[in-house]
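Each chain, letter by letter, is given below.
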Amino acid sequence: MLKSMSISEDHLISLITSSTAKPHLRQIHAVLLRTSLIKSSDIFHHFLSRLALSLVPRDINYSRRVFSHRTNPTLSHCNTMIRAFSLSETPSQGFLLFSSLRRKTFPPANPLSSSFALKCCIKSRDLTGGLQIHGKIFRDGFLSDSLLLTTLMDFYSTFENSNDACKVFDEIPERDTVSYNVLMSCFLRNKRTRDVLYHFDNMIKNGSVNKPDGVTCLRALQACSSLGALDFGKQVHAFIDENGLGGALNLSNTLVSMYSRCGDMDKAYEVFGEMRERNVVSWTAMISGLAMNGFGREAIEAFEEMLKCGVSPEEQTLTGLLSACSHSGLVDEGMMFFERLKSGEFNKMKPNLHHYGCVVDLLGRARLLEKAYSLVESMEMKPDSTIWRTLLGACRVQGNVELGERVISRLIELKAEEAGDYVLLLNTYSSAGRWEKVTELRSLMKEKRIHTKPGCSAIEVEQGKVHEFIVDDVSHPRKEEIYKMLEEINQQLKIAGYVAETASELHNIESEEEKGRALTYHSEKLAIAFGILVTPPGTTIRVTKNLRTCVDCHNFAKFVSRVYDRVVIVRDRSRFHHFKDGFCSCNEFW
DNA sequence: CTAGGGTTAG
């Protein structure tokens, strides 16, 4: 009798651990109840794990029922259930279960329980609950459990508290690659991109312990993307290849995106071309990259190629495609894709806020402002501040004061107005020649204590040597040479037909007010002049700017590219401009 | 039961 029981027990366990489908598990459940084998703690554990964690699709309610029928659950049973809650749509239930451990018939918690409960708090965005758990971890003396502390770091990182996340990191007794990765994710989430690169560097230098893995490289690449750090990105790329991590699809996709966001489309194409397989994310990265760099035709070609390959687009793919059309002034094409999107041609997908944003931008650039406005009014979802801001940008380009005022009042209604919005309105007034309005708005801004961000441009001349400039910067050690260079450039450009047009653009309010200076120099002009000064002829000049570039500087760069025979690549707040032979890849100004 | 993870308007 006993012997036959034990055979069926083994048999049952192997049945349990190999099943993931609900009907299958229901049958097993029936057998367990009938034979009373459910009372065995071990079998119950296997069954619950399967049901709660491996069932596809998951059924948290079924798991909860099974768990609540257990009379004396062990800690493993409870932990499995807490983990299941952390993965479910009702993560707060997991925290409740954790809180009741040691009470009632439950055993006291161990580090694993705390770790799963923290995950519940992360998912349900329960800050107080997580802080309670941290206190309990401290009282329980679990502060030496590396796995638990790594999860705790992730908790602080989710609540944008990178300082406390770092403190926890310092306490971890045995840091492994995963703890480093969580730290890097934390920095990335909290905009501390330079810290990501610093740690990546350290991990390489430290040798064999905590060697970067695929995830580490992914994070480093994302940091390079947001910094525009092309050289560092290339180093990470080299590391990936040297360590045989290159085959991973997600890494290749991130590489394509990184090169695009650093303005190196040749390298982006190269990586994309060498990929063994490409999914919709790869195509989306490529299309968005081309869009951001002003290669609208190529983006459309890539989209069509993708359809030919039988890959279905996602929402982000259409976002990239539509933004490609707007950046390159391809109005008819853009509207055609938008119509196709609305008709449900792409998997019955409907336009989202991003899509509308692109189309508003597209119409705005095509001087179809009223059409853009009525499109916003006709949207089935509530327009967000960004949509209004896009429209405001279009008003600025055309000097449409009346609509501009309407739009800013919508932004004020939403309580979402920013300093940049007032600058846009200010420039709308000035390009329409409404100087009395300019003065009025300026004093209003002073009253409201609205401070604008000064324009700032950076240029990397030697490896890793970055020089930063602000408007009319006089702090650079070589300022005299730079200003002399600028004067010379201005003269050369004038001969070639360049006419300075500085009156309509008021980036920096403070400096505009202190009159008396004949000419002000936006930061990108200073950076470009410095680039010409210190790099050998023919070198590509790469400049990164924190704001949008203005008409005059755009024009200036076009002329520089022809007169000095240089490729000039300017990275805007939102995109790239590739200047060559007097032309720019974009169609932003005319 | 063993942490972390691809693309995304302006």
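Residues numbered from 1 in each chain as written. Chains lettered and ligands numbered in written order. Predicted model: local features only at pLDDT ≥ 70, side-chain atom pairs only at ≥ 80, totals over all residues. Heavy atoms only, no water.

## Notes on the environment of T90
Thinking step 1. Along the chain, T90 turns up in the loop between α5 (75-87) and α6 (92-99).
Thinking step 2. For T90, a relative accessible area of 30% puts it in the partly exposed group.
Thinking step 3. Distance from T90 to S124, taken between C-alpha atoms, is 7.8 Å for residues 34 residues apart in sequence.
Thinking step 4. What T90 contacts, discounting residues up to four positions off in sequence, is I60 and F85. (Helix = DSSP H or I, 4+ residues; strand = E, 2+ residues; numbered from the N terminus. Buried < 20%, exposed > 50% of the residue type's maximum accessible area, 1.4 Å probe, protein only. Contact = heavy atoms within 4.5 Å.)

## Things to note about the protein's contact with DNA strand B
Thinking step 1. Every one of the 41 residues lining DNA strand B counts as a neighbour, but K119, D176, N181, D213 and N253 are closest to it.
Thinking step 2. The side chain of K119 places a nitrogen or oxygen atom 2.3 Å from a phosphate oxygen of DNA strand B.
Thinking step 3. T386 places a polar side-chain atom, nitrogen or oxygen, 2.7 Å from a base nitrogen of DNA strand B.
Thinking step 4. If you tally residues by element for the surface near DNA strand B, the top one is helix α15 (residues 249-261), at six residues.
Thinking step 5. For the surface near DNA strand B, a count of residues per class yields eleven nonpolar, 20 polar and ten charged. (Near = heavy atom within 4 Å. Polar contact = N/O pair within 3.5 Å; in protein donor to acceptor, adjacent residues only side chain to side chain. Nonpolar A, V, L, I, M, F, W, Y, C, P; charged D, E, K, R; others polar.)

## Here's the deal with the sheet that holds strand β3 (residues 541-545)
Thinking step 1. The six strands are arranged β2-β1-β3-β4-β5-β6 in an open sheet whose pairing can be described as mixed. In this open sheet, the two strands that pair with only one neighbour each are β2 (465-470) and β6 (583-584).
Thinking step 2. Two strands pair when backbone bridges link them, and strand β1 (residues 456-462) and β2 are joined in this way by six bridges, in the antiparallel orientation. Pairing of A458 across the sheet is with E468, part of β2.
Thinking step 3. Here helix α30 (residues 551-563) sits on the sheet in contact with β4 (568-571), β5 (576-580) and β6, set at roughly 35° to β5. (Pairing = 2+ DSSP bridges. Axes fitted to C-alpha atoms, helices over the stretch in contact; angles between N-to-C directions.)

## Focus: the packing of aromatic side chains
Thinking step 1. On inspection of all chains with the given rule, the structure shows 15 aromatic pairs.
Thinking step 2. Both rings, one in F272 and one in W283, keep their centres 5.0 Å apart while their planes meet at 75°; by these two values the pair is edge-to-face. Residue F272 is found in helix α16 (residues 265-274), and its partner W283 is found in helix α17 (residues 280-292); the two are separated by eleven residues along the sequence. Residues F272 and W283 agree in their burial class; the two are buried.
Thinking step 3. Through a chain of ring-to-ring contacts, the aromatic side chains of F155, Y156 and F159 assemble into a single cluster.
Thinking step 4. Between the NZ or CZ atom of R175 and the centre of the ring of F169, over which it lies, the distance is 4.7 Å.
Thinking step 5. Between R406 and the ring centre of Y373, over which it is positioned, the NZ or CZ distance is 4.4 Å. (Phe/Tyr/Trp six-rings, centres within 6.5 Å; stacked < 30°, edge-to-face > 60°. Lys NZ or Arg CZ within 6 Å of the ring centre and 35° of its normal.)

## Comments concerning the side chain of S328
Thinking step 1. Secondary-structure assignment places S328 in the loop between α19 (315-327) and α20 (331-342).
Thinking step 2. On the basis of relative accessibility, which here comes to 14%, the residue S328 falls in the buried class.
Thinking step 3. A polar atom in the side chain of S328 sits 3.0 Å from the backbone nitrogen of G296.

## What to know about the packing of helix α11 (residues 177-189) against helix α13 (residues 214-227)
Thinking step 1. Here α11 crosses α13 at 20°, and the two axes come no closer than 9 Å. Comparing their axes, α13 and α11 come out roughly parallel. You can see that α11 and α13 cross each other, and the crossing is left-handed. Together, T177, N181, M184, S185 and L188 of α11 and V215, T216, R219, Q222 and A223 of α13 make up the contact between the two elements.
Thinking step 2. Grouping the constituent residues of the contact of α11 with α13 by class yields four nonpolar, five polar and one charged. (Parallel < 35°, antiparallel > 145°, perpendicular 65-115°, else oblique. Left-handed = near helix turned anticlockwise from the far one by under 90°.)

## Let's talk about the packing of α15 against α17
Thinking step 1. The interhelical angle for the contact between α15 and α17, taken along N-to-C directions, is 5°, at an axis separation of 9 Å. In terms of their interaxial angle, α15 and α17 are classed as roughly parallel. Across the interface between the two elements, L249, N253, V256, S257, S260 and R261 of α15 pack against V281, S282, A285, M286, G289 and M292 of α17.
Thinking step 2. Considering only residue class, the contact of α15 with α17 consists of six nonpolar, five polar and one charged.

## A look at helix α25 (residues 419-431)
Thinking step 1. An ideal rise of 1.5 Å per residue puts 18 Å on 13 residues; α25 measures up with 19 Å between its terminal C-alpha atoms.
Thinking step 2. Residues of α25 that are buried: D421, Y422, V423, L425, L426, N427, T428, Y429 and S430. (Expected span 1.5 Å × (residues − 1).)

## A word on the pairing of β3
Thinking step 1. Only one face of β3 is buried, namely the one carrying I541, V543 and K545, since none of R542 and T544 on the opposite face is buried.
Thinking step 2. Relative to β3, β1 is paired through three bridges, and the arrangement is antiparallel. Residue A458 lies in a different strand from β3, and its bridge partner there is T544.
Thinking step 3. Bridge count between β3 and β4: four bridges; the pairing is parallel. Residue pairing for β4: V543 is matched across the bridge by V570.
Thinking step 4. On the question of chirality, the crossover connecting β3 to the parallel β4 by way of α30 is right-handed. (Right-handed = clockwise from strand over helix to strand, strands pointing away.)

## As for the UniProt feature "repeat: PPR" (unreviewed entry) in chain A
Thinking step 1. The feature "repeat: PPR" (unreviewed entry), as given by UniProt, occupies residues 176-210, 248-278 and 279-313 in the numbering adopted here.
Thinking step 2. Between the first and last C-alpha atoms of residues 248-278 the distance is 11 Å; the span itself is 74% helix and 0% strand.
Thinking step 3. With 74% helix and 0% strand, residues 279-313 has end C-alpha atoms that lie 10 Å from one another. (UniProt positions renumbered as here; feature names shortened; annotations may be inferred.)

## A few points about helix α9 (residues 146-158)
Thinking step 1. In this model α9 runs 18 Å from its N-terminal to its C-terminal C-alpha over 13 residues, within 8% of the 18 Å that 1.5 Å per residue would give.
Thinking step 2. By the criterion of burial, α9 is predominantly enclosed, with eleven of the 13 residues buried.
Thinking step 3. All buried positions along α9 are accounted for by S146, L148, L149, T150, T151, L152, M153, F155, Y156, S157 and T158.
Thinking step 4. Residues of α9 that are buried make contact with α7 (111-123), α8 (127-140), α10 (162-171) and α11.
Thinking step 5. You can read the cap of α9 off the contacts: a side-chain oxygen lies 3.2 Å from the backbone nitrogen of L147, and it is on D145.

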